[in-house]
Amino acid sequence: MDFSFSKEQELLRASIEEFCKKEIDPRICDWIKERAFPRALLEKLSRTGLTGMNIPEELGGSPLDNVSQCCRRDPGEARAPQYRLKL
């Protein structure tokens, strides 16, 4: 079995990485300390198609397979691990 990502999945991962580096990395620690989530970021995520990834396409979501949905990640976990929730 080949467990490699497809070209489309690799492109999705790269675009998410680029978005995170540009829009999230520089500010994530401040947002966590302030306990704030900027509405402008949600609007940018939506414009780039990074919201609705787990919603079926017929309900207005993105037409992604399960593996592509896994390409998403939790920026707070990946970008600011010192603030990871202790559950």
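Note that the structure is a prediction, hence the values are computed from the model and not measured. (Residues numbered from 1 in each chain as written. Predicted model: local features only at pLDDT ≥ 70, side-chain atom pairs only at ≥ 80, totals over all residues. Heavy atoms only, no water.)

A. Local environment of unusual backbone geometry. The phi dihedral of Arg35 is positive, around 55 degrees, even though this residue is not glycine. On the basis of relative accessibility, which here comes to 78%, the residue Arg35 falls in the exposed class. (Buried < 20%, exposed > 50% of the residue type's maximum accessible area, 1.4 Å probe, protein only.)

B. Here's a closer look at the confidence of the model for the chain. With 79% of its residues at a pLDDT of 70 or more, the chain shows a mean pLDDT of 77. When pLDDT is averaged over each helix and strand of the chain, the minimum, 50, is found for helix 5 (residues 75-79) and the maximum, 89, for helix 3 (residues 39-47). (pLDDT = per-residue confidence, 0-100. Helix = DSSP H or I, 4+ residues; strand = E, 2+ residues; numbered from the N terminus.)

C. Expanded view of helix 1 (residues 7-24). With 18 residues, helix 1 extends 25 Å between its outermost C-alpha atoms, agreeing within 8% with the 26 Å of an ideal straight helix rising 1.5 Å per residue. Listed as buried for helix 1 are Gln9, Leu12, Ile16, Phe19, Cys20, Glu23 and Ile24. Seen from one end, helix 1 has its buried residues packed into an arc of 100 degrees, which puts them on one side. Exposed residues pointing more than 90 degrees away from the buried face of helix 1 are listed as Lys7, Leu11, Glu18, Lys21 and Lys22. (Expected span 1.5 Å × (residues − 1). Arc of directions from axis to C-beta.)

D. Quick look at the side chain of Gln9. Among the structural elements, Gln9 can be located in helix 1. You can call Gln9 buried: its relative accessible area is 9%. A distance of 2.8 Å separates a polar atom in the side chain of Gln9 from the backbone nitrogen of Ser6. (Polar contact = N/O pair within 3.5 Å; in protein donor to acceptor, adjacent residues only side chain to side chain.)

E. Molecular detail of the pattern of salt bridges. Going through the model one piece at a time under the given rule, you end up with 5 salt bridges. Ionic pairing is found between Lys22 and Glu23, a salt bridge with its closest N-O pair at 4.0 Å. A relative accessible area of 59% means that Lys22 is categorised as exposed. Look at Glu23 and you get buried, because its relative accessible area is 10%. Across the salt bridge formed by Arg39 and Glu43, the nearest N and O atoms sit 3.4 Å from each other. Here Glu43 and Arg39 lie together in helix 3, a separation of 4 residues that amounts to about one turn. For Arg39, a relative accessible area of 63% translates into the label exposed. Put simply, Lys22, Glu23 and Lys44 are held in one network by salt bridges that share partners. (Salt bridge = Lys/Arg side-chain N within 4 Å of Asp/Glu carboxyl O.)

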